[in-house]
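# Understanding the architecture of this molecule
Read off the chains here:
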Amino acid sequence: MPIAIEARKNGYRGFILPGHNAREAAVVSNLDVIGVEHFNQAVEFLTGELKIEPTIVDTRNEFFANINDYEVDFFDVKGQENVKRALEIAAAGGHNLLMIGLPGLGKPCWPNAYLPYCRLCR
């Protein structure tokens, strides 16, 4: 994506890159992103033998389609009721929360479970 942003800043109309990176680069607006699977495809595209449509990503639809798609939810977390309660209070009051504890207690898991609840409390 940084290359796509720089390409747009420098006035390029588009660029060719590997197909598996095309969706990421296509997030940058006003830039034609052409994804190819093989070098031969790029050559054929540049010579006009092959027509490849630019990859288009509607960022607004992508955002709203995935807004409630969470990997972890409070329902998935078993036990640790005191941590759940602290997170609920912090979310309801719009407060920050500092989590301190030993390794292996699940601290990285909690922010992911916390996000859906934060959105409900707004």
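This text gives an overview of the structure that appears in the document.

What counts and how
- Residues numbered from 1 in each chain as written.
- Predicted model: local features only at pLDDT ≥ 70, side-chain atom pairs only at ≥ 80, totals over all residues.
- Heavy atoms only, no water.
- Salt bridge = Lys/Arg side-chain N within 4 Å of Asp/Glu carboxyl O.
- Buried < 20%, exposed > 50% of the residue type's maximum accessible area, 1.4 Å probe, protein only.
- Core = buried A, V, L, I, M, F, W, Y, C linked by side-chain atoms within 4.5 Å.
- Helix = DSSP H or I, 4+ residues; strand = E, 2+ residues; numbered from the N terminus.
- Contact = heavy atoms within 4.5 Å.
- Patch = residues over 30% accessible without salt bridge, like charges linked within 9 Å, V, L, I, M, F, W, Y side chains within 5 Å.
- Areas by Shrake-Rupley, 256 points an atom, 1.4 Å probe, with all protein chains shown as cover.

## A short note on the pattern of salt bridges
Per the stated rule, a full pass over the model turns up 2 salt bridges. Across the pair Glu53 and Lys51 runs a salt bridge whose closest N-O atoms are separated by 3.4 Å. Of the two residues, Glu53 and Lys51, both sit in the exposed class.

## What to know about the nonpolar core
Inside soluble globular proteins, nonpolar side chains tend to come together where they are buried. Ranked by size, the top nonpolar core spans 11 residues in total: Ala4, Ala7, Phe15, Leu17, Ala22, Ala25, Ala26, Val28, Leu31, Val33 and Val57. Only helix H1 (2-9), strand E1 (14-18) and helix H2 (22-25) provide two or more residues apiece to this core. Contact partners of Val28, with chain neighbours within four places excluded, come to Met1, Ala4, Ile5 and Arg8.

## Observations regarding unusual backbone geometry
In the Ramachandran plot, Asn30 falls in the positive-phi region, its phi being about 60° despite a non-glycine side chain. Turning to its location among the elements, Asn30 is positioned in the loop between H2 and strand E2 (32-36).

## Some words on a nonpolar patch on the surface
A contiguous nonpolar surface patch, about 210 Å² in accessible area, is contributed by Met1, Ile5 and Val27. Within the secondary structure, Val27 is located in the loop between H2 and E2. The exposure class of Val27 is partly exposed, given its relative accessible area of 35%.

## Quick word on the environment of Ala22
Relative to the helices and strands, Ala22 is located in helix H2. What Ala22 contacts, discounting residues up to four positions off in sequence, is Leu17, Val33, Gly35 and Thr55.

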